[in-house]
Amino acid sequence: MSAVTAPRSEKKPRPGGTLYRGYTGMWSWVLHRITGVAIFFFLLVHILDTALVRVSPEAYNAVIGTYKTPLMGLGEIGLVGAILFHALNGLRIILVDFWSKGVKYQRTMFWVVIGLWVVLMAGFLPRQIANIILEVNGQ
Amino acid sequence: MSTVDAPRSPYARTQRSGTNWEKWGWMYMRASGVVLVVLIFGHLFVNMVAGEGVRGIDFAFVAGKWASPFWQVWDLLMLWLALIHGANGMRTIINDYSSSVTLGKVLRGAVFLSAAALIILGTLVIFTFDPCPSVSPEQLGLLPSFCPPQ
Ligand code: HEM
């Protein structure tokens, strides 16, 4: 334990000395990292399950059937959401790196990423939720 | 002879000999990313949104796609680009967080081996896949409709 205690201020301290820490730049990086790892692990599993087409139609259909259950249906919403964010934010990173105005507009581009994400999720969700409801009803 | 640069002379990066692999890795993340957006968005639309969505996926659906060289090439590119991109990204993260040199080596080795194994497996599956395999009678109904009667 340090004997020196940091000076206390009444207000919640703001992160000092940087425009990065605690702001959209940092949170987009955190999300990019978490989604990247999640997608990587899913990809490992996804290649294994797809490889079952080489075993038999029966084996493949049995395993892909588990992707159609309501719980997995919800998981797929999370997965598609993660991939869409990683992809759109990846394009934002590329623009920050290569576009001369990229750094200036990085924060604006973050909100554009969020906006496009909402639009694309709205395109995916109706079909997926309809499928989940059909499964819940056992149809 | 002066050994100290004149003040405010421009910064010069020390040139090390050999290929700058970190730079090419960095470039690869961006180049593969741009292509992957197209490949993955197309993949998600065709498999998860068009038609019946996830409920339409079964052996016959996959066979219908891989009967065409178009989707074979599409999926092959996606396999290689995504696994190398993902594995290299994992390498970056391991380098950032692993506190011990040995642990870092083990984790990077595990990521490398799993990515290499799955690239080989996936490539073999795409190229050796038969959309109309000979199957036991009770599985005949699972084959795509374009298969000749057995
Ligand atoms: C859909 C298109 C994709 C785009 C546009 C994209 C873009 C990017 C970019 C630009 C980076 C940053 C690299 C750097 O900071 O040097 C990155 C990192 C990463 N990506 Fe992707 N990516 C995509 C798909 C994927 C997929 C499919 C996976 C998993 C297999 C993945 C896993 C990762 C990981 C693990 C990182 C490292 C994150 C970090 O260092 O914080 N990405 N991606």
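This section reports on the structure supplied with the text. (Residues numbered from 1 in each chain as written. Chains lettered and ligands numbered in written order. Predicted model: local features only at pLDDT ≥ 70, side-chain atom pairs only at ≥ 80, totals over all residues. Heavy atoms only, no water.)

**Quick notes on the interface of chain B and chain A**
By convention, interface size is frequently given as the accessible area that disappears when the constituent parts associate. On the chain A side, the residues contacting the 45 residues of chain B number 43 residues. Summed over the three residues of chain B that lose the most area to chain A, namely F41, R55 and F59 of chain B, the buried surface amounts to 18% of that side. In this structure, the salt-bridge partner of D96 of chain B is R33 of chain A, at a minimum N-O distance of 2.7 Å. For the side of chain B that touches chain A, the secondary structure elements donating two or more residues are α1 (21-49), α2 (59-66), α3 (69-97) and α4 (101-128) of chain B. (Contact = heavy atoms within 4.5 Å. Buried area = accessible area lost by both parts, 1.4 Å probe. Salt bridge = Lys/Arg side-chain N within 4 Å of Asp/Glu carboxyl O. Helix = DSSP H or I, 4+ residues; strand = E, 2+ residues; numbered from the N terminus.)

**So, a nonpolar patch on the surface**
A contiguous nonpolar surface patch, about 620 Å² in accessible area, is contributed by F98 of chain A together with W21, W24, W26 and M27 of chain B. The element contributing the most residues to the nonpolar patch is α1 of chain B, with 4 residues. On the secondary structure map, W21 of chain B appears in helix α1. On the accessibility criterion, W21 of chain B (66% relative accessible area) is exposed. (Patch = residues over 30% accessible without salt bridge, like charges linked within 9 Å, V, L, I, M, F, W, Y side chains within 5 Å. Areas by Shrake-Rupley, 256 points an atom, 1.4 Å probe, with all protein chains shown as cover. Buried < 20%, exposed > 50% of the residue type's maximum accessible area, 1.4 Å probe, protein only.)

**Focus: the packing of aromatic side chains**
Residues and elements named next belong to chain B. Under the definition given, this model contains 9 aromatic pairs over all chains. Pairing F59 with F129 gives two aromatic rings, centres 5.7 Å apart and planes at 55 degrees, and the pair type is tilted. In this pair, F59 is assigned in helix α2 and F129 in the segment after α4, connecting sequence segments 70 residues apart. Grouping residues by exposure puts F59 and F129 together as buried. (Phe/Tyr/Trp six-rings, centres within 6.5 Å; stacked < 30°, edge-to-face > 60°.)

**Observations concerning the site of the ligand**
Taken together, 23 residues lie near the ligand, and H32, R33 and H86 of chain A together with R30 and H85 of chain B sit nearest. Nearby residues around the ligand are contributed by chains A and B. With respect to the ligand, the side chain of H32 of chain A contributes an N or O atom lying 3.2 Å from a nitrogen atom. Within the side chain of R33 of chain A, one N or O atom sits 2.6 Å away from an oxygen atom of the ligand. Counting residues per element, the ones that place at least two in the shell around the ligand are α1 (24-51) and α3 (70-98) of chain A together with α1 and α3 of chain B. Along the lines of polarity and charge, the residues of the shell around the ligand split into 12 nonpolar, 9 polar and 2 charged. (Near = heavy atom within 4 Å. Polar contact = N/O pair within 3.5 Å; in protein donor to acceptor, adjacent residues only side chain to side chain. Nonpolar A, V, L, I, M, F, W, Y, C, P; charged D, E, K, R; others polar.)

**A word on the packing of α1 of chain A against α4 of chain B**
Put simply, α1 of chain A and α4 of chain B touch, their axes get as near as 10 Å, and they point 35 degrees apart. Pair α1 of chain A / α4 of chain B crosses with left-handed handedness. Contact with α1 of chain A, carried on its side by F40, L44, I47, L48 and A51 of chain A, involves V111, L118, L121, G122 and V125 of chain B of α4 of chain B and no other residues of that element. Classifying every residue of the contact of α1 of chain A with α4 of chain B by side-chain character gives 9 nonpolar, 1 polar and no charged. (Axes fitted to C-alpha atoms, helices over the stretch in contact; angles between N-to-C directions. Left-handed = near helix turned anticlockwise from the far one by under 90°.)

**Remarks on empty space enclosed by the protein**
Where empty space is left becomes clear once a probe the size of a water molecule has been rolled over the atoms. Counting across every chain of the model gives 1 cavity of 30 Å³ or more. Of the pockets and cavities examined, the largest cavity occupies roughly 30 Å³. Taken together, Y67, K68, T69, G73, E76, Q128, N131, I132 and E135 of chain A together with V54 and R55 of chain B form the lining of the largest cavity. Those elements giving two or more residues to the lining of the largest cavity turn out to be α3 and α4 (106-136) of chain A. (1 Å grid on protein atoms, 1.4 Å probe; cavity = no way out; pocket = protein on both sides within 12 Å on 5 of 7 lines; lining within 4 Å. Points joined across faces, edges and corners; volume = space filled by probe spheres on them.)

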